[in-house]
Amino acid sequence: MKITYLDNAASTWPKPPGVKEAMVECLDEYAANPGRGGHRLGLRASKAIFHTRVKLAKLFQISNPNDIAFTSNATSAINLGIRGLVKSGDHVITTTMEHNSVRRPLEYLKKTQGIEISYVRPREQLQFNLEDFEREFRRTTRLVVVSHASNLVGSLAPIEQIGALCKKHQVVFMVDASQTAGVFPIDVERMNIQLLAFPGHKGLYGPQGTGGLYIHPQLDLEPMMVGGTGSHSEAIEQPLTRPDRYESGTLNTVGIVGLGAGVDFVLKTGIEQIRTKEARLTYDLIRRLEEVKGVTLYGPNKEVERAAVISFSIEGLDASEVAYILDQEYGIAVRSGYHCTPLGHETVGTINQGSVRVGFGYFNTEEDVDVLVHAIVDICQKISS
Ligand SMILES: Cc1ncc(COP(=O)(O)O)c(C=O)c1O
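Quick caveat: nothing in here was measured; it's all calculated off a predicted structure.

**A look at the overall build of the protein**
Helix and strand content of the protein: 11 helices and 13 strands. Over its C-alpha trace the protein gives a radius of gyration of 21 Å, about what one expects of a compact globule, namely 21 Å for 385 residues. Considered along the principal axes of its C-alpha atoms, the protein spans approximately 75 × 55 × 35 Å. The proportion of buried residues among the 385 residues of the protein is 58%. The long-range fraction of contacts in the protein, counting pairs at least 24 apart against all pairs at least 6 apart in sequence, stands at 69%.

The structure is reproduced here in structure tokens:
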């Protein structure tokens, strides 16, 4: 059965040409330990890792590539940002649309260190109003952390404007770019972002096991892990030099090389083209599903800009049943359930049933939209007959 893969919001697949080849070349030719030995293979491995840093720096307008720390996914990057910065007595502003990867570290610090958290709720069409952020700032506010796009319904946060507010209040601004890195333009300088967490395995088209955190040069985070860095080995203390300070232990060289090839693809194709294509598929699907009796769509309406994430339900069926039927009978891969964002579901109004989620990637086609719409029409007809 041909698989129609529509779970790109979780991990993109397939990967562009060049990713697998770069990884195989690394495995075959130079997968030695980077930065640990002075021999030529180790040097080649560490050079390849640095090249990926340079490409990411270009993508996000980061002036020093060494301000990017590689992590194993977005969650570990978010943990490093939040738990490395926020201390007892601090207050944090976030939103009700966050993934558990933001909410849980914050709630963990609330429980263990007594930090305070304010959750800003979006208004109509799931759009944020800056006044709702403005009124939450306190003397103790240390961090504002916001996901650029919701992983439930694709609604966007105005990160540039929130960044300007943070600048005014001299508060650290962190963006979770899990659903937008590689798809929407992100400029850490212009947007006043001091911490940018990104996964490598979604819109950057790298393999799973990759991700990273940009850390503003004037911001010193407490490392999540300390240990061997291959540098300053004589010192007992974790080095201050970057990126070593935040990268203890052997890196995922093969994965980072694959991520570099994924970022090459994004830079070569251009974010504008990627976004335009994903938007076409998104609005096409929304328009067509609006016509299907029995389908309820969630999230902003089609006049509002959003990322390529669409949530819906089918009357009379559980979201997990719909996903199961789509997979088993039609070979369509989607996601069902709460998508790690129960607070988001509560905000959107789907807390009782969850939703079926479609996430498009650059390699999806109009034909994929056709296949999905036909399957949904078929399912709706069957349950109503
Ligand atoms: C908004 C958001 N934040 C964080 C994450 C966690 O990403 P990762 O699986 O790379 O840790 C995801 C993944 O779905 C996400 O969509």
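**Description of the packing of aromatic side chains**
Applying the stated criterion across every chain yields a total of 8 aromatic pairs. Relative to Phe363, the ring of Tyr362 lies with its centre 5.7 Å away and its plane at 80 degrees, an arrangement referred to as edge-to-face. Of the residues examined, Tyr362 reaches a relative accessible area of 13% and is grouped as buried. An aromatic cluster is defined as three or more aromatic residues linked by ring pairs; in this entry it consists of Tyr205, Phe265, Tyr362 and Phe363.

**A short note on the pairing of strand β6 (residues 172-176)**
Most of β6 sits inside the fold, with 5 of its 5 residues counted as buried. Neither face of β6 is left uncovered, since the one carrying Val172, Met174 and Asp176 and the one carrying Phe173 and Val175 both have all their residues buried. Relative to β6, strand β5 (residues 141-147) runs parallel, the two being bridged by 5 bridges. Looking at β6, one finds that Ser147 is bridged to Asp176. Note on the crossover from β5 through helix α6 (residues 159-169) to β6: the handedness is right-handed.

**Thoughts on the nonpolar core**
Nonpolar side chains tend to gather and get buried jointly when the protein is soluble and globular. One finds Phe60 and Val144 to be the most contacted residues of the largest nonpolar core, which totals 53 residues. When residues of this core are traced back to their parent elements, those giving at least two are α2 (40-60), β2 (68-71), β5, α6, β6, β7 (195-199), α7 (253-269) and α8 (271-290). Each of domain 1 (4-13 + 270-376) and domain 2 (19-269) accounts for three or more of the residues forming this core. Setting aside anything within four residues of it in sequence, one finds Val144 in contact with Ile93, Phe133, Phe137, Ile162, Cys166, Val171, Val172, Phe173 and Met174. Formed by 31 residues, the second largest nonpolar core is a distinct cluster that contains Val295, Leu317, Leu326 and Ala375.

**Looking at the domain arrangement of the protein**
Each domain of the protein was delimited in the assignment, giving domain 1 (4-13 + 270-376) and domain 2 (19-269). Contact residues are listed per partner, giving 37 residues for domain 1 and 36 residues for domain 2. The junction of domain 1 with domain 2 conceals about 3,100 Å² of combined surface from both sides, 59% of it contributed by carbon and sulfur atoms. When the buried area of domain 1 at its contact with domain 2 is split by residue, Ile271, Leu343 and Thr347 rank highest and sum to 18% of it. Residues Glu346 and Arg121 are paired through a salt bridge, measuring 3.4 Å at the closest nitrogen-oxygen approach. Between domain 1 and domain 2 we count 18 residue pairs in polar contact (both at pLDDT 80 or more) in total.

**Let's talk about the site of the ligand**
Surrounding the ligand, one finds Asn73, Ala74, Thr75, His99, Ser101, Asn151, Asp176, Ser178, Gln179, Pro199, His201 and Lys202. With respect to the ligand, the side chain of Asp176 contributes an N or O atom lying 2.6 Å from a nitrogen atom. Gln179 is positioned such that a nitrogen or oxygen atom in its side chain is 2.8 Å from an oxygen atom of the ligand. Considered on its own, the ligand offers 400 Å² of accessible surface; in the complex 88% of this is hidden by protein. A class-by-class count of the residues in the shell around the ligand yields 2 nonpolar, 8 polar and 2 charged.

**Regarding the packing of helix α3 (residues 74-85) against helix α4 (residues 100-113)**
Axis separation between α3 and α4 bottoms out at 9 Å; the angle between their running directions is 35 degrees. When the axes of α3 and α4 are compared, the crossing they make is right-handed. Across the interface between the two elements, Thr75, Ile78, Asn79, Ile82 and Arg83 from α3 touch Ser101, Val102, Pro105, Leu106, Tyr108 and Leu109 from α4.

**Focus on α8**
Between the first and last C-alpha of α8 there are 28 Å, a value that for 20 residues agrees with the 28 Å anticipated at 1.5 Å per step. Buried residues of α8: Ile271, Ile274, Arg275, Lys277, Glu278, Leu281, Thr282, Tyr283, Asp284, Leu285, Ile286 and Leu289, and no others. In this structure, the buried residues of α8 make contact with α2, α7, β9 (295-298), β10 (309-314), β13 (355-359) and α11 (366-384).

**Quick look at the pattern of salt bridges**
Within this structure, the stated rule accounts for 22 salt bridges. Where Arg53 meets Glu247, a salt bridge forms, and the shortest distance between an N and an O atom there is 2.8 Å. Residue Arg53 is located in helix α2, and its partner Glu247 is located in the loop between β8 (211-215) and α7; the two are separated by 194 residues in the primary sequence. Judged by its relative accessible area of 8%, Glu247 is buried. The shortest N-O distance in the salt bridge between Asp264 and Lys55 comes to 3.1 Å. Of this pair, Asp264 sits in helix α7 while Lys55 sits in helix α2, and the two are 209 residues apart along the sequence. Several salt bridges converge on common partners, so that one network encompasses Asp7, Arg335 and Arg357.

Parameters at a glance
- Residues numbered from 1 in each chain as written.
- Predicted model: local features only at pLDDT ≥ 70, side-chain atom pairs only at ≥ 80, totals over all residues.
- Heavy atoms only, no water.
- Helix = DSSP H or I, 4+ residues; strand = E, 2+ residues; numbered from the N terminus.
- Rg over C-alpha atoms; globule rule 2.2 N^0.38 Å.
- Buried < 20%, exposed > 50% of the residue type's maximum accessible area, 1.4 Å probe, protein only.
- Contact = heavy atoms within 4.5 Å.
- Phe/Tyr/Trp six-rings, centres within 6.5 Å; stacked < 30°, edge-to-face > 60°.
- Pairing = 2+ DSSP bridges.
- Right-handed = clockwise from strand over helix to strand, strands pointing away.
- Core = buried A, V, L, I, M, F, W, Y, C linked by side-chain atoms within 4.5 Å.
- Domains from an automatic or database assignment.
- Buried area = accessible area lost by both parts, 1.4 Å probe.
- Salt bridge = Lys/Arg side-chain N within 4 Å of Asp/Glu carboxyl O.
- Polar contact = N/O pair within 3.5 Å; in protein donor to acceptor, adjacent residues only side chain to side chain.
- Near = heavy atom within 4 Å.
- Areas by Shrake-Rupley, 256 points an atom, 1.4 Å probe, with all protein chains shown as cover.
- Nonpolar A, V, L, I, M, F, W, Y, C, P; charged D, E, K, R; others polar.
- Axes fitted to C-alpha atoms, helices over the stretch in contact; angles between N-to-C directions.
- Left-handed = near helix turned anticlockwise from the far one by under 90°.
- Expected span 1.5 Å × (residues − 1).

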